[in-house]
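One letter stands for each residue in the lines below.
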Amino acid sequence: QDFFFITLSAYMLRCSPSQGLSRHVSIRGVKKALLSIRVSGVPAVGGVGLRCSHSYSHSYSHSHLKRSSSFRSLRSLCVSSASSSSHFQIFSLVFVPKMGQALKSSSAAALSALRSTRKSGDAGTSPADNQTSASPTRKKRRGDDASTDKGKEAPPTPKTPTSKAKSATSPAAKRAKTASPAKSPKSPPPSTTPPNGWREILDIIRQLRETRDAAVDTMGCERLADPEASIDTQNFQTLISLMLSSQTKDEVNAAAMARLREHNGCTASMLAKMESETLNSLIRTVGFHNNKTKYLLKASQRIVEEFDGRVPEDLDTLLTFDGVGPKMAIIYLNVTREEGTDAVGIGVDTHVHRISQQLGWVPESKDPEKTRRHLEAWMPHSHWSEINVLMVGLGQQVQASGGLVVATRAIALAAKRRGAADEALKPVRLALTLGVKPATIAQAFADAPASLSRRPGIVERLSEWGVKVV
């Protein structure tokens, strides 16, 4: 990997060159600019081609910012490339890993390395790539070249990210960038074909979660409402607990809900009248409590004013509340629905999202909503309501104490199962797939019945999976 171009736009970094580039402005501005990196086929030195994906270039560039020496060289290049105007013009940086020492030495050496690299690559660089500096001198030189070649047919200029970045500061360019995802080809619809063996895997998960002793089983959002309150108040408290639960552990969320109930009963009318400072102090331990304070007050006031103190019962309306996402709305409707009615969807949180991909039930994705759509495409409605609690509890126990609880139960299930080694050890294989360490499996196997280790192929198969059985 010789080099690649990163194009930063003027509106992302604004600072007087005479004042230099402060660390605060640099980190915020540069990181924000890195989110708009567009990298495609870039000609490298000596004609060697390099093509990077967007995600690869993003992580590669962020790794430079983590080191102070690389940050200083980046700042030097920013300052050196700036014009005399009050903000930075559009410019391009060239990261050259093989010339790291030159980039770290000083702004002059860094700029020299940058220029020499570009000159060496001029033979294989497109005209758009040569337009990486936006200083007035550079613009004039391009104008002179254009006037000199007047009358001659210019070669076709390939479209590159650098040429597109030229007008990135205009409102039209911003709108085009915002609307660009809509022009990308649509992803294929979710497959309705269930993955092989999913019913057996789900049954094993049920057995691993048979005792229902995870945090979600005792302190989940659906269990935090006051059982002695009216149905409308219970529903309201369930919604409030869901809004508080994002980026917050169940134990912390349960404690915050207990403080709200003790303070004013946590009804819609009383919460709508509460001072924001008071509410903020009561929920101070949950994640993003400042934003959640605003969301809770707005939701309470809206429920009182528009819905007569009752939480709306349709998905679309719930999603119009600030701070309520698809997972919260779906879980709320599943919990409060009338007995005998189907679940409205599958609530996908971080545990469901991760485990579904580990099992191969859905394609890899960073979007929980894609996971939900893929699960709902093939999973029967009768299983929708249980998936969230099953997987959330399993995920919590995998992460707690290195997954020893899950490993112990998987070994116990393996001892009860019949058949060959692969068939008997399916619960153990599942535990390993979900992230339980082989050493933890070995620790649990030490307390397993002796009959399990004497069965043909058991110890050998565990050894192949990295489980060192003593």
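Residues numbered from 1 in each chain as written. Predicted model: local features only at pLDDT ≥ 70, side-chain atom pairs only at ≥ 80, totals over all residues. Heavy atoms only, no water.

Let's shift gears to the overall build of the protein. Check the secondary structure of the protein and you find 26 helices and four strands. Out of the 470 residues in the protein, the part that is buried amounts to 43%. The long-range share in the protein, meaning contacts at least 24 apart out of those at least 6 apart in sequence, stands at 66%. (Helix = DSSP H or I, 4+ residues; strand = E, 2+ residues; numbered from the N terminus. Buried < 20%, exposed > 50% of the residue type's maximum accessible area, 1.4 Å probe, protein only. Contact = heavy atoms within 4.5 Å.)

What follows concerns the environment of Leu 319. Turning to its location among the elements, Leu 319 is positioned in the loop between α16 (315-318) and α17 (326-336). Leu 319 gets classed as partly exposed once you look at its relative accessible area, which sits at 36%. For the pair Leu 319 and Ala 329, spaced 10 residues apart in the sequence, the C-alpha separation amounts to 6.7 Å. The contact partners of Leu 319, leaving out residues within four places of it in the chain, are Val 324, Gly 325, Pro 326 and Ala 329.

What follows concerns the confidence of the model for the protein. When pLDDT drops low, the exact placement of atoms in the prediction is not to be read closely. With 60% of its residues at a pLDDT of at least 70, the protein reaches an overall mean of 73. pLDDT under 50 marks residues 174-184. Its contacts with residues more than four places away, or in other chains, come to seven contacts. (pLDDT = per-residue confidence, 0-100.)

On to the packing of helix α11 (residues 231-245) against α17. The relative placement of two packed helices is expressed as an angle between their axes plus a distance between the axes. Running from N to C, α11 and α17 cross one another at 150°; their axes reach a closest spacing of 10 Å. When the axis of α11 is compared with that of α17, the two are roughly antiparallel. α11 and α17 meet at a crossing whose hand is right-handed. Contacts between α11 and α17 involve Asn 235, Thr 238, Leu 239, Leu 242, Met 243 and Ser 245 from the former and Lys 327, Met 328, Ile 331, Tyr 332, Val 335 and Thr 336 from the latter. Of the residues belonging to the contact of α11 with α17, the class tally is seven nonpolar, four polar and one charged. (Axes fitted to C-alpha atoms, helices over the stretch in contact; angles between N-to-C directions. Parallel < 35°, antiparallel > 145°, perpendicular 65-115°, else oblique. Left-handed = near helix turned anticlockwise from the far one by under 90°. Nonpolar A, V, L, I, M, F, W, Y, C, P; charged D, E, K, R; others polar.)

Among the nonpolar cores identified, the biggest contains 50 residues, and Trp 361, Leu 375, Met 379, Val 428 and Ile 441 are the most heavily contacted of them. Once residues within four sequence positions are removed from consideration, Met 379 is found in contact with Trp 198, Ile 346, Trp 361, Trp 384 and Ile 387. Core analysis: the next-biggest nonpolar cluster, separate from the first, contains 33 residues, Leu 224, Phe 236, Leu 239 and Ala 256 among them. (Core = buried A, V, L, I, M, F, W, Y, C linked by side-chain atoms within 4.5 Å.)

Right, let's get into the pattern of salt bridges. A complete count under the given rule lists 15 salt bridges for this structure. With its nearest N and O atoms 3.0 Å apart, the salt bridge here joins Glu 376 to Arg 372. Taken together, the residues Glu 376 and Arg 372, both in helix α19 (residues 368-378) and four residues apart, mark about one turn of the helix. Here the two residues Glu 376 and Arg 372 agree in accessibility, since each one is buried. (Salt bridge = Lys/Arg side-chain N within 4 Å of Asp/Glu carboxyl O.)

The subject of this paragraph is the packing of aromatic side chains. Working definition: an aromatic ring pair is given by the centre-to-centre distance plus the angle between the planes. Tallied over the full model, the rule gives three aromatic pairs. Each ring, one from Trp 198 and one from Trp 378, has its centre 5.2 Å from the other, and the planes form 70°; the classification is edge-to-face. With a gap of 180 residues between them, Trp 198 in helix α9 (residues 198-208) and Trp 378 in helix α19 connect regions that are remote in the sequence. For Trp 198, a relative accessible area of 6% puts it in the buried group. Taking the relative accessible area as the measure of exposure, Trp 378 reaches 7% and is therefore buried. Ring geometry for Trp 361 against Trp 378: centres 5.6 Å apart, planes inclined by 90°, an arrangement best described as edge-to-face. Taken together, the positions of Trp 361 in the loop between α18 (350-358) and α19 and Trp 378 in helix α19 put the pair 17 residues apart, joining distant regions of the chain. For the pair Trp 361 and Trp 378, one class covers both residues: buried. Put simply, the rings of Trp 198, Trp 361 and Trp 378 touch in pairs and so form one group of aromatic residues. (Phe/Tyr/Trp six-rings, centres within 6.5 Å; stacked < 30°, edge-to-face > 60°.)

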